[in-house]
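Reading the structure
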Amino acid sequence: MASAPPADPSAAPAEKHPVDQVPPTGKLIAFGLQHVLAMYAGAVAVPLIVGGAMKLPPADLAYLITADLLVCGIATLLQCVGVWRFGVRLPIMQGCTFAAVSPMVLIGTQGGGLPAIYGAVIISGLAMVLLAPVFGRLLRFFPPLVTGTVILIIGVTLLPVAGRWIAGGAGSPEFGAPKNIGLAAFVLVVVVAVQRFAPAFLSRIAVLVGIVAGTLVAIPLGFTDFDGVGKADWLGISTPFHFGAPTFEAAAVVSMLVVALVIMTETTGDMIAVGEMTGRKVGPRNLADGLRADGLSTVLGGVFNTFPYTAFAQNVGLVGMTRVRSRWVVACSGVILVLLGLLPKLGAIVAAIPAPVLGGAGLVMFGTVAATGLRTLATVDFRGNHNLTIVAVSVGMGMLPVGVPEIYAEFPDWFQTVMHSGISAGCLTAIALNLLFNHLPGRAGAGTERAAAGSDTDSVAAEPPLLPGSRVENAVQKSGEERG
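Residues numbered from 1 in each chain as written. Predicted model: local features only at pLDDT ≥ 70, side-chain atom pairs only at ≥ 80, totals over all residues. Heavy atoms only, no water.

Another aspect to go through is the overall build of the protein chain. The number of helices and strands found in the protein chain is 21 helices and two strands. Each of the 484 residues in the protein chain was classed as buried or not, and the buried ones make up 56%. In the protein chain, 83% of the contacts between residues at least 6 apart in sequence involve partners at least 24 apart. On the protein chain, roughly 20,500 Å² of surface is accessible, and the fraction owed to carbon and sulfur atoms is 68%. (Helix = DSSP H or I, 4+ residues; strand = E, 2+ residues; numbered from the N terminus. Buried < 20%, exposed > 50% of the residue type's maximum accessible area, 1.4 Å probe, protein only. Contact = heavy atoms within 4.5 Å. Areas by Shrake-Rupley, 256 points an atom, 1.4 Å probe, with all protein chains shown as cover.)

In structure tokens:
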């Protein structure tokens, strides 16, 4: 039997993309915990708001929270690790979407109760799975002009969330107290100082260090309340249809289908943002896989007593800020969330972190998202075209519901569902204006503007996708401009 030829020592194995690299165990856990702490407050807010509006007893509220954390973890694992054609396989955290809060409160308080909510959630999740390939084909309408605008809007619309945390959290009796803002400022200083002066590993967990340091300072100052830890159970297991078999009411289903379209629009922006940050651009197939995972997670949410799921914009900034691009880090976060869902006492410990501590860290993270959008827009040509108008109007439309939340109060429910989210409002505006100015024929110079904007000819994810700023991409863009 002939022996195999000796291996060529000069042939080194191809290096894995940073997205696929697995950090050492200690770093993996630290980075993963950092993501969990950054998104925890937002993750439990939806079940608290919906359950509170329906006047559920404390035991049912606690059940909703543990079920939410469990499915958050499963959804995050599905998105990061991927199973067949489900999962974008990027470092993306999953959480309950705020876009569904108003419709679910209406469904739950107008006689339908939780079973009607869960029936509508299951149908909307199935619709997202079916519509995912259609949305995947729309990626050509997201050139750098649109993606940069959307990423900028995501960051800017999240900043008020950090502001409310800094002031003490919505509903706090001491909202805006100087001590709250002082604690948040302390956390902000710690995060910036660790990033600037600490060794490389510590600088990448600057948010985690800031949150831990802020919590330790908050304990003797009376910010924390650990009473809930003693009352929480050690073990909590969510069972399917705990609140009864789902019911399917036409009006409820229609309202949640509108929410599904909003979720898919927001998730598209988040996935493109993470693709830009990690250097692995999202193509039509990747986008469809990610949206399909959103749909399956939403179906699981309806089965396991929780709500629709989407990519969590809060964590997009953390990826850009820390420059830790591994999807396995966020997969580790998913495992931690599953444990928090199965062990309510651990969840109660995390819940005791004061809102100003999260606000100080959130200010950096959300600002990083906005800065990433500006970086993407810096590659767009604004000379001799209407691209500046597209950005200006889109950002303005995105900020309207943030600055004036009641602006659409007199409009139909479906319109409020779509436009009440600054992200979806700004994203839809950017897509529509880009089509109007850079895709519709009939104007002199349209070809030049399309090339300058990075239209579908130049920026659609070709196979293989072009990395931002690469020589090949620059050459393609230059060629497009010459053709125009």
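Moving on from the model shown.
Here we come to the nonpolar core. Membership of the largest hydrophobic core comes to 111 residues, with the highest contact counts inside it found for Val50, Met104, Ile117, Ile211, Met256, Phe307 and Leu337. Setting aside chain neighbours within four positions, we find Val50 in contact with Met104, Val105, Ile117 and Phe307. Ala370, Leu377, Leu433 and Phe437 belong to the second largest nonpolar core, which has nine residues in total. (Core = buried A, V, L, I, M, F, W, Y, C linked by side-chain atoms within 4.5 Å.)

It is worth spelling out the layout of surface pockets at this point. When its volume is computed, the second largest pocket comes out at roughly 420 Å³. In terms of lining, the second largest pocket is formed by 20 residues, of which the most central are Pro18, Arg204, Arg323, Val324 and Arg325. Secondary structure elements with two or more residues in the lining of the second largest pocket: α1 (25-53), α7 (200-204), α12 (313-322) and α15 (355-377). Classifying every residue of the lining of the second largest pocket by side-chain character gives 11 nonpolar, four polar and five charged. (1 Å grid on protein atoms, 1.4 Å probe; cavity = no way out; pocket = protein on both sides within 12 Å on 5 of 7 lines; lining within 4 Å. Points joined across faces, edges and corners; volume = space filled by probe spheres on them. Nonpolar A, V, L, I, M, F, W, Y, C, P; charged D, E, K, R; others polar.)

A cluster of basic side chains, namely Lys27, Arg204, Arg323 and Arg325, defines a positive patch on the protein surface. Summarising the element assignment, Arg325 is placed in the loop between α12 and α13 (327-342). (Patch = residues over 30% accessible without salt bridge, like charges linked within 9 Å, V, L, I, M, F, W, Y side chains within 5 Å. Salt bridge = Lys/Arg side-chain N within 4 Å of Asp/Glu carboxyl O. Lys, Arg positive; Asp, Glu negative; His and termini not counted. Charge placed at Lys NZ, Arg CZ, Asp CG, Glu CD.)

Attention shifts here to the pattern of salt bridges. Going through the model one piece at a time under the given rule, you end up with six salt bridges. A salt bridge links Asp20 to Arg280; its shortest N-O distance comes to 2.6 Å. Here Asp20, found in the segment before α1, pairs with Arg280, found in the loop between α10 (250-278) and α11 (284-303); they are 260 residues apart in sequence, far enough to count as distant. Notably, a salt bridge pairs Glu174 with Lys179, separated by 3.1 Å at the nearest N-O pair. Within this structure, Asp20, Arg280 and Arg327 form a network of salt bridges that share partners.

Below, the discussion takes up the side chain of Ser203. Note that Ser203 resides in helix α7. Excluding anything up to four places from it in sequence, Ser203 contacts Val194, Gln195 and Ala198.

Unlike most non-glycine residues, Trp84 shows phi in positive territory, near 55 degrees. Structurally, Trp84 can be placed in the loop between α2 (58-81) and β1 (94-96). With phi around 60 degrees, Arg89 is a residue other than glycine that occupies positive phi space. Mapped onto the elements, Arg89 comes out in the loop between α2 and β1.

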